[in-house]
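# Notes for the structure review
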Amino acid sequence: MLALAYSYGFVFSILGIATVLDKLKIFNDEGSRKFIHIGVSNWWIIAMLLFEPNEYYLAMIPPATFIVLNYLSYKFNLVKSMERDEQSANDLGTVYYAASLFIITFFAFRLNMLEAGAVAILAMGYGDGLAAVIGKHFKSKNLYQNKTLYGVITMFTSTLVIGFIFFPHLWALMIIVAIFATLVELYTPKGLDNLSVALLIFLLLVIIL
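Summarised in this report is the structure supplied together with it.

Thresholds, definitions, all that
Residues numbered from 1 in each chain as written. Predicted model: local features only at pLDDT ≥ 70, side-chain atom pairs only at ≥ 80, totals over all residues. Heavy atoms only, no water. Helix = DSSP H or I, 4+ residues; strand = E, 2+ residues; numbered from the N terminus. Contact = heavy atoms within 4.5 Å. Phe/Tyr/Trp six-rings, centres within 6.5 Å; stacked < 30°, edge-to-face > 60°. Buried < 20%, exposed > 50% of the residue type's maximum accessible area, 1.4 Å probe, protein only. Lys NZ or Arg CZ within 6 Å of the ring centre and 35° of its normal. Axes fitted to C-alpha atoms, helices over the stretch in contact; angles between N-to-C directions. Parallel < 35°, antiparallel > 145°, perpendicular 65-115°, else oblique. Left-handed = near helix turned anticlockwise from the far one by under 90°. Nonpolar A, V, L, I, M, F, W, Y, C, P; charged D, E, K, R; others polar. Salt bridge = Lys/Arg side-chain N within 4 Å of Asp/Glu carboxyl O. Patch = residues over 30% accessible without salt bridge, like charges linked within 9 Å, V, L, I, M, F, W, Y side chains within 5 Å. Areas by Shrake-Rupley, 256 points an atom, 1.4 Å probe, with all protein chains shown as cover.

### What to know about the environment of Phe10
- Inspection of the secondary structure puts Phe10 in helix 1 (residues 2-23).
- The sequence separation of Phe10 and Leu143 amounts to 133 residues, and the corresponding C-alpha distance is 36 Å.
- What Phe10 contacts, discounting residues up to four positions off in sequence, is Gly39, Val40, Asn42, Trp43 and Ile46.

This is the structure we're talking about:
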């Protein structure tokens, strides 16, 4: 139960900090979303350290909770720092994010592949999140669907660094994973990358490891 308390405390702390920074105008609308996007991905470290391998059913509770809460926030704009000012019918990215965490938590714990889960979740968080930030703030060539060269480089570099941290002895495979993740992020239709990036990276790692 302590692991659950830490989990909820951590995620709500990230949401609270983002809300304060948003109200102080330190972050704009998109900046607060990316702060949450990157920050919440670190929950996986808590899950790895505090939940026992056979407690996958407990580890799945926080992601399941936030599937519901994120959808309610999307519908009723409950957490303004997490939502865009102009919502669209397909803007379910925060719900997809929690769904990816839920699915990967189940399979990573059941298959005893927590490090693979870490690469998938953190690549989604840091790689996709930083790629959007860098791509918007530093002008470079547009490659596809408003994805820029600097954003693509950021996605590749972030995923590669994360892969090396968890699998330092498999550097060649991690290069392949980083290339794959970058292509998935680049070509995924807008709004679905919070599903495709994490889930397909994890699937690839299950296959090659």
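### Points about the packing of aromatic side chains
- Within this structure, the stated rule accounts for 10 aromatic pairs.
- Residues Trp44 and Phe109 carry aromatic rings whose centres are separated by 6.2 Å and whose planes lie at 65 degrees to one another, so their mutual orientation is edge-to-face. Linking Trp44 in helix 3 (residues 43-50) with Phe109 in helix 6 (residues 93-110), this pair joins segments that are 65 residues apart in sequence.
- Overall, Phe109 belongs to the buried group, its relative accessible area being 3%.
- Between Tyr144 and Tyr187, the aromatic rings sit 4.9 Å apart at their centres with planes inclined by 50 degrees, giving tilted as the arrangement. Placement of Tyr144 in strand 1 (residues 142-144) and of Tyr187 in helix 9 (residues 171-187) is noted, with a sequence separation of 43 residues between them.
- Following the ring pairs from residue to residue traces out a cluster consisting of Tyr56, Tyr57, Phe106 and Phe107.
- The cationic tip of Arg110 hangs over the ring face of Tyr56; the distance from NZ or CZ to the ring centre is 4.8 Å.

### What to know about the packing of helix 1 against helix 2 (residues 29-41)
- Where helix 1 contacts helix 2, the axes come no closer than 9 Å and their chain directions differ by 160 degrees. Overall, the two elements helix 1 and helix 2 adopt an arrangement that is roughly antiparallel. Between helix 1 and helix 2 the crossing geometry is right-handed. Contact residues: helix 1 offers Phe10, Val11, Ile14, Leu15, Ile17, Ala18 and Asp22, while helix 2 offers Asp29, Ser32, Phe35, Ile36, Gly39 and Val40.
- Here the contact of helix 1 with helix 2 is built from residues that sort into 9 nonpolar, 2 polar and 2 charged.

### A few points about the pattern of salt bridges
- For the structure on display, the rule yields 1 salt bridge.
- Residue Lys147 pairs with Glu185 through a salt bridge whose shortest N-O separation is 3.5 Å. Placement of Lys147 in strand 2 (residues 147-148) and of Glu185 in helix 9 is noted, with a sequence separation of 38 residues between them. Here Lys147 matches Glu185 in class, with each residue buried.

### Examining a nonpolar patch on the surface
- On the surface, Phe138, Leu143, Tyr144, Leu149, Tyr150, Ile153, Ile179, Leu183 and Tyr187 cluster together into a nonpolar patch covering about 830 Å² of accessible area.
- Among the elements of the structure, strand 1, helix 8 (149-166) and helix 9 are those that each provide at least two residues to the nonpolar patch.
- Topologically, Leu183 is positioned in helix 9.

### Quick notes on the side chain of Thr159
- Along the chain, Thr159 falls in helix 8.
- Given the relative accessible area of 1%, Thr159 is considered buried.
- When near neighbours in sequence (up to four residues on either side) are disregarded, Thr159 contacts Ala123, Val177, Ala178 and Ala181.

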